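Below, each chain spelled out in residue letters.
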Amino acid sequence: MTQPAHLTRRFFLQTSAAGVATAAAGVPAFAATSVNFQLSWLHSVQFGGSYIAAKKGYWTEQGLDVSLSQGGPNAPVEPPVVSGTALVGISAADYTAAAVSQGAPFKIIAVAMQKNPFAIASLAANPVNTPADLVGKRIGMAVANTPVLQALCTLNNVDINDIEIVPTQYDPAPLVSGQVDCLLCWETDLPVAMTVKGVDNTTMLMADHGYALHSQTYIATEESIANQRADLVALIKGEVMGWNDYLNDTDAAAALTVEMFPDAGLDLQTQKLQAARQVPLMFSDLTAENGFGWFTDDTVSKNIETLALLDHDVSAGLWDRSILEEVHG
Amino acid sequence: MTVLRLLLWLCVVLVLWEGALRLVPGSLLVSSPLAIAGYVSNNAALLARAALETSVNAAQGFVWGNLAAIGLGTIMIVFPRSARTLSAVCLLVFCVPLIASGPILRVLFGPGTGPQIALAALAVYYTTLLTLLVGLRAVSQTWTDLMRVYGRGPMSTLIRARARASLPYLFVGLQISAPAALLGAMIGEFTGAERGLGVLTLRAMRGLDTNATWALALIAALIAMIAYGSIGWLGQRVVAYRPVILLSAPAVSVRQRPWKYLLEIGFTTAFVLILWQVSMDALDLNRFFAKRPGDVWAFLAEAQNRNTVLSALAETLSFAVPGYLAGLALGAALAALVVLSPALNRATMPVAVALRAVPIITTAPLLVLAFGRGLVGTMVVVAVMIFFPTFVACQQGLRQTPGQVVDLFRSYDAGRWHLLRAAQIPAMLPAFFASARMAVPAALLAITTVEWLATGKGIGVLMATTASTSNYNMLWSCVVILAVVAVVVYAAVAAVEHRVLRIYANEQV
């Protein structure tokens with residue numbers, strides 16, 4: 001794993017300079033602005049970099065007081081962001097595209113998961129290793145995700161009618177109990193849970209088979225990009241610093257997550273495994289070169305192609321790199 | 001003695017449970033009692049904090065929701081003209097599913113316990129209101145006539161006659177609402193709460209932590225049973241008298257003219273629409289996710305959208321109706337059975353309370369696993385959801401059989417069956433119909449949940465996809481359609497009720 005060293009060094013210099021200045025003045029340089037940061041799901045190491053940023057004061061030293069609001073099955077990200085109760089939300093390119101088509105003025109300002117985490121999980125005894133293996137299998141998934149499967153099939157010349165879709169809740173039980181042969185799920189949650197429970201399983205990452213779709217994207221409204229630019233830059237800067245630390249020591253990130261949320265019922269071993277598993281999704285040559293969260297015209301155009309398969313007609317205008325450019329500039 | 005016997009039975013069940021799992025090893029879906037106990041002792045502090053958090057929120061919601069129910073019930077009795085409009089509004093608010101209300105509550109309350117308390121209150125106010133209304137009307141006409149003869153107004157009648165008569169019913173309402181409040185607080189946590197039993201349940205289900213799932217379900221059930229039991233005990237202390245005989249001359253039924261009836265429907269609809277628009281505007285809720293009547297109208301005006309929603313609705317109803325009928329039949333039949341054989345009461349009640357206190361998203365997957373993803377599995381989930389309130393209400397109704405009537409049957413040496421058929425079932429009817437109405441929104445909630453979790457068909461799926469599509473127009477259109485269905489079915493049940501009760505319990509009409 002290559003480390004974006006120049007970034008860390010620059011940040012170290014910047015932040016220590018700010019710290020010295022603050023300490024010298026003896027008072028905080030300016031009153032902290034309070035903002036909400038809406039996460040997309042329950043607290044877990046999935047957001048480990050953000051916890052590091054909070055814990056190490058990467059935001060406070062920039063004058064930002066960030067509250068992390070966790071998500072949940074009935075806590076969609078878009079409403080608080082569109083209402084302005086959250087400055088930034090964690091979404092995914094397809095969700096954002098859909099919300100924009102419904103009139104939400106969102107832009108994607110940074111991308112945490114360069115590779116989409118959607119995967120096909122199966123038991124090692126009856127594995128799905130390539131899209132062609134899906135033929136004749138029963139797949140457990142939320143019916144809402146049918147377009148995702150359809151896109152994978154189209155990309156790999158598989159007829160979706162040859163796959164039996166079984167609507168299931170989002171847990172590994174149907175696979176383990178033999179109700180289905182495979183599951184459409186995230187690379188980083190259900191497979192990890194099965195591994196921890198000693199269920200021998202294998203996954204096929206959809207991103208490795210043409211499914212190019214940014215996930216865990218940071219979204220903000222056009223209004224805040226125009227009017228709260230400094231806050232957005234500070235928030236993303238803290239994120240970048242937090243995630244760089246994360247990359248250095250995923251076990252520490254897992255431990256911090258468990259420590260920060262004692263009421264969440266998190267299991268340290270699971271968190272460590274998950275933390276390590278999401279590294280290849282979030283860090284790549286692209287981020288090594290340009291910094292965490294980065295995206296290029298090229299990755300954007302690949303996303304637009306995948307989004308077209310998902311029936312989302314979007315332009316490159318959905319992405320706005322100006323905040324990232326300021327952060328990494 | 002009874003406690004000892006109960007403990008003995010409990011031990012037998014636990015040993016059988018453990019033994020059965022030993023015989024079928026490797027089950028990752030069902031935990032053994034020992035494994036559950038192990039999980040509880042290893043995570044005692046975590047579970048205690050979560051249970052406390054959820055209970056405190058549930059208790060606050062319980063208080064607010066029941067106060068609202070009592071307030072609304074009082075208004076509806078004192079101003080009978082407002083009754084129909086108000087009950088329609090209450091029913092509609094009760095019908096708004098969590099997927100639509102969750103984001104609104106979270107945006108309104110921000111982080112913290114607000115949404116959990118609000119959802120607990122919303123989960124209880126309607127059932128208590130309906131049960132309380134039956135009670136407030138359960139006074140003999142002789143009494144109300146007497147009050148009228150003395151020139152007393154409805155307020156005075158309420159305080160002197162109706163309030164006391166309603167107490168047994170109020171306690172039933174409170175009792176039913178205790179598990180519901182807990183459930184409301186738990187599902188309220190799905191809107192992004194930081195801690196509580198609901199949060200842990202979600203985590204456990206995703207993590208395939210079967211021991212945790214079962215431990216959490218059992219803890220929730222236990223808390224519900226304790227709350228249920230203590231309210232029941234309190235009720236017996238407070239309401240130590242047998243209700244008075246309810247036999248009286250048939251009430252003079254005022255037949256409403258059709259145009260007046262239509263006028264009333266029109267007025268109620270307009271009132272609801274204005275309330276919807278004005279409340280959302282007043283709270284300054286963003287139109288992106290808080291759709292107004294006009295948005296829904298525009299969306300449903302397009303034939304394609306309308307067809308999508310209506311065909312999904314047809315699918316949903318084809319599963320919901322059998323489940324609804326089965327749940328009602330089961331609840332009433334079990335109540336009758338328990339009256340015939342009181343020993344059964346002790347055995348069935350804990351199961352019934354437990355089933356009610358565990359969130360449907362925990363039970364549904366297990367039920368689906370056991371009964372399949374077809375008609376039977378769906379029916380069972382719906383039936384389980386509505387069976388419990390029906391059972392409790394019917395049992396209470398059966399107990400309301402006037403003592404003199406029972407004595408009369410006894411003096412003629414009539415058998416249990418005869419007594420049940422000729423006296424107790426007629427006495428049960430008001431409560432049965434109240435729960436049949438109450439079950440309408442509950443059945444719709446259950447069916448939409450199970451569609452989302454298991455069958456992948458119908459209107460529940462249309463609503464669930466909102467999370468990824470942000471198609472809040474579709475969501476709110478589904479909410480409106482479901483609400484209309486609920487009101488129509490409710491009105492149909494009420495019409496049947498009216499005809500039946502005119503014969504058997506005319507004070508209610």
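For clarity, every value in this text was computed on a predicted model and none was experimentally measured.

Student: Can you explain unusual backbone geometry? Please cite residues and give values.
Tutor: For Asn157 of chain A, which is not glycine, the phi dihedral falls at a positive 55 degrees. In this fold, Asn157 of chain A is placed in the loop between α5 (146-155) and β7 (164-167). Even without being a glycine, Ser470 of chain B presents a positive backbone phi close to 55 degrees. The buried category is assigned to Ser470 of chain B, around which 29 C-beta atoms lie within 10 Å.

Student: Account for the interface of chain B and chain A, naming residues and giving values.
Tutor: Contact with chain B, which involves 44 residues of that partner, is made by 41 residues of chain A. Looking at the side of chain B that touches chain A, the elements that each hand over two or more residues are α3 (44-78), α5 (98-109), α9 (197-206), α15 (360-371), α18 (416-455), α19 (458-464) and α20 (466-469) of chain B. Of the residues contributing to the side of chain B that touches chain A, the split by class is 25 nonpolar, 13 polar and six charged.

Student: Describe the packing of helix α2 (residues 48-55) of chain A against helix α9 (residues 229-248) of chain A, and please don't skip the residues or the numbers.
Tutor: All names here are of chain A. Taken N-terminus to C-terminus, the directions of α2 and α9 make an angle of 110 degrees; their axes are 7 Å apart at the nearest point. Taken together, α2 and α9 sit at an angle that is classed as roughly perpendicular. Of α9, the residues touching α2 (which contributes Gly48, Gly49, Ser50, Ile52 and Ala53) are Gly238, Glu239, Met241, Gly242, Trp243, Asp245 and Tyr246. Per-class residue counts for the contact of α2 with α9 are five nonpolar, five polar and two charged.

Student: Which residues make up the pairing of strand β1 (residues 33-38) of chain A, and what are the values?
Tutor: Look at any regular strand and the pattern is simple: side chains alternate between the two faces of the sheet. Residue and element names in this part refer to chain A. Pairing analysis gives six bridges linking β1 to strand β2 (residues 64-69), with the strands arranged parallel. From the neighbouring strand, Val35 faces β2, where its bridge partner is Val66. For the segment spanning β1, α2 and β2, crossover handedness is right-handed.

Student: Any chance you could break down the domain arrangement of chain A for me, citing the residues and the numbers?
Tutor: All names here are of chain A. Each assigned domain of chain A is listed with its residue range as follows: domain 1 (5-114 + 213-328) and domain 2 (118-209). Taking the mean C-alpha position of each, domain 1 and domain 2 sit 28 Å from one another. Opposite the twelve residues of domain 1 that make contact, domain 2 presents nine residues. Going through the elements one at a time, α11 (268-277) and α14 (297-309) are the ones with two or more residues in the side of domain 1 that touches domain 2. With five residues, the single largest contributor to the side of domain 1 that touches domain 2 is α11. Grouping the constituent residues of the side of domain 1 that touches domain 2 by class yields four nonpolar, six polar and two charged.

Thresholds, definitions, all that
- Residues numbered from 1 in each chain as written.
- Chains lettered and ligands numbered in written order.
- Predicted model: local features only at pLDDT ≥ 70, side-chain atom pairs only at ≥ 80, totals over all residues.
- Helix = DSSP H or I, 4+ residues; strand = E, 2+ residues; numbered from the N terminus.
- Buried ≥ 20, exposed ≤ 12 C-beta atoms within 10 Å, placed from the backbone.
- Contact = placed C-beta atoms within 7 Å.
- Nonpolar A, V, L, I, M, F, W, Y, C, P; charged D, E, K, R; others polar.
- Axes fitted to C-alpha atoms, helices over the stretch in contact; angles between N-to-C directions.
- Parallel < 35°, antiparallel > 145°, perpendicular 65-115°, else oblique.
- Pairing = 2+ DSSP bridges.
- Right-handed = clockwise from strand over helix to strand, strands pointing away.
- Domains from an automatic or database assignment.

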